[in-house]
Amino acid sequence: MTPALQRLTAAALLTLSGAALAQSPATAPAPAPADAPTLHPWQAPTPRANSEAYFTNLKDGDVIDTPFVLKFGLSGGWGLAPIAKAARAKSGHHHLLINRELPLNFQQPLPFNEQYIHFGKGQMEHVLTLAPGNYTLRMLLADQKHLPHFVFSKPVRITVRQKLGTDPKTLQTKGIQIMLPAGAEARAPVLVQFHASGLNVAHAAQQEKDTGHFRLTLTPSGGGAPQVMDFTNGQTETWLAPPAGGYALQLDFVDNLNPGNTLAPAASAPLRVR
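Residues numbered from 1 in each chain as written. Predicted model: local features only at pLDDT ≥ 70, side-chain atom pairs only at ≥ 80, totals over all residues. Heavy atoms only, no water.

(A) Geometry of the sheet that holds strand β3 (residues 68–74). With antiparallel pairing, 3 strands are arranged side by side in an open sheet as β1-β3-β7. Each edge of the sheet is formed by a strand with only one pairing partner; in this case those strands are β1 (53–55) and β7 (125–128). Within the sheet, the average angular offset between the axes of one strand and its neighbour, ignoring direction, is 30 degrees. Across 3 bridges, β1 lies against β3 in antiparallel orientation. Residue pairing across strands places Ala53 opposite Leu74, the latter belonging to β3. (Pairing = 2+ DSSP bridges. Helix = DSSP H or I, 4+ residues; strand = E, 2+ residues; numbered from the N terminus. Axes fitted to C-alpha atoms, helices over the stretch in contact; angles between N-to-C directions.)

(B) Geometry of the pattern of salt bridges. Evaluation of the coordinates by the stated rule reveals 6 salt bridges. Ionic pairing is found between Arg157 and Asp60, a salt bridge with its closest N-O pair at 3.3 Å. One end of the pair, Arg157, is in strand β10 (residues 156–163); the other, Asp60, is in the loop between β1 and β2 (63–66), and 97 residues separate them in sequence. For Asp60, a relative accessible area of 41% corresponds to the partly exposed category. (Salt bridge = Lys/Arg side-chain N within 4 Å of Asp/Glu carboxyl O. Buried < 20%, exposed > 50% of the residue type's maximum accessible area, 1.4 Å probe, protein only.)

(C) Region of interest: the sheet that holds strand β14 (residues 212–220). The strand order across the open sheet formed by 5 strands is β12-β18-β17-β14-β15, and the pairing between neighbours is mixed. Both edges of this open sheet fall to β12 (185–186) and β15 (227–231), since each of them pairs with a single strand only.

(D) Spatial organisation of the pairing of β7. Burial along β7 is two-sided: the residues Glu125 and Val127 and His126 and Leu128 are all buried. Where β3 meets β7, 4 bridges bridge the pair, whose relative direction is antiparallel. Paired with Val69 across the two strands is Val127, which belongs to β7.

Remember, this is a structural readout, not a statement about activity or role.
Written as C-alpha cells, this is what we have:
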C-alpha cells in the first residue's frame, strides 16, 4: 500500500469512528418514522437538528419559590401519547428527572420513585413542591413501556429559595395557551408552542377518553380563507411559514372521542410575519 493510500485509509477510519461516537446514546438524534405527518403548506420543517423534551418556563440558573407550576414542551414533530393504549411511532410521555443523570441503558424501563416522575396520562405540566435547596432537573420522553427515547432536555440547575404555604391544587386551572417565543412579530419560520393545563394530550387514533389534541387556525388579517392545522398525533408545537402579513391565531383543544367538541375555551394571539 502506498503512503498516499495509507493516509486515505486512516482518514476514512477516523471519519467512521467519529460517526459512531456521534451516535452514542447521549447524542443520537431520534429516528424519523415512516409515518411522519404531511405538513400544511404554511408549516415549515423544524430548523433544529435534534428533537427535545424541554421546559417552557424554566431555564438554567433560575431561582424559584415552591410550589411552582413547571411546564413542558416537545419538539421535532414528536407527540404525546398516554400509556393506556398503544400509539403510532414518534410518540411517548414525559418524565421529570430530579437530581438524576440520563440512564446508562436506554433498553431498561425507567423506575418509579420520587426522582423519576412519570406523566403517563399525556400531561404537560407538574407542580413542584421541592424544599429549599439546589436541584438539577431534566425532561426525558419514554414509550408506553417506559423505555426512554433519545428525546430529552439539557440539565437545568435551579435553586428553590423558599417553600410557601400555598395549596398546590389552587395553582392549576384547566385551559390552553398559545406561546410565541419570538414575540408577536417575527420572521418566518416562526415557532408556535401550545400548552394544556389540567388536560391530557393524546393521539386522536388512540381514542382515549378525556384526552384531546391541538388544532390551530390562522386567519389572514387582510382577508382570505382561514387555514386549519390539526395536530392529531399529539404534537405540542409547530413552525409556521405563511406569506408575510398579519394573522389571527386561534388554538382549540379537540376532544379525541368527539371531534365536534372542544375540551377547553379557545386561546388566541395575533401574529405578524415579516
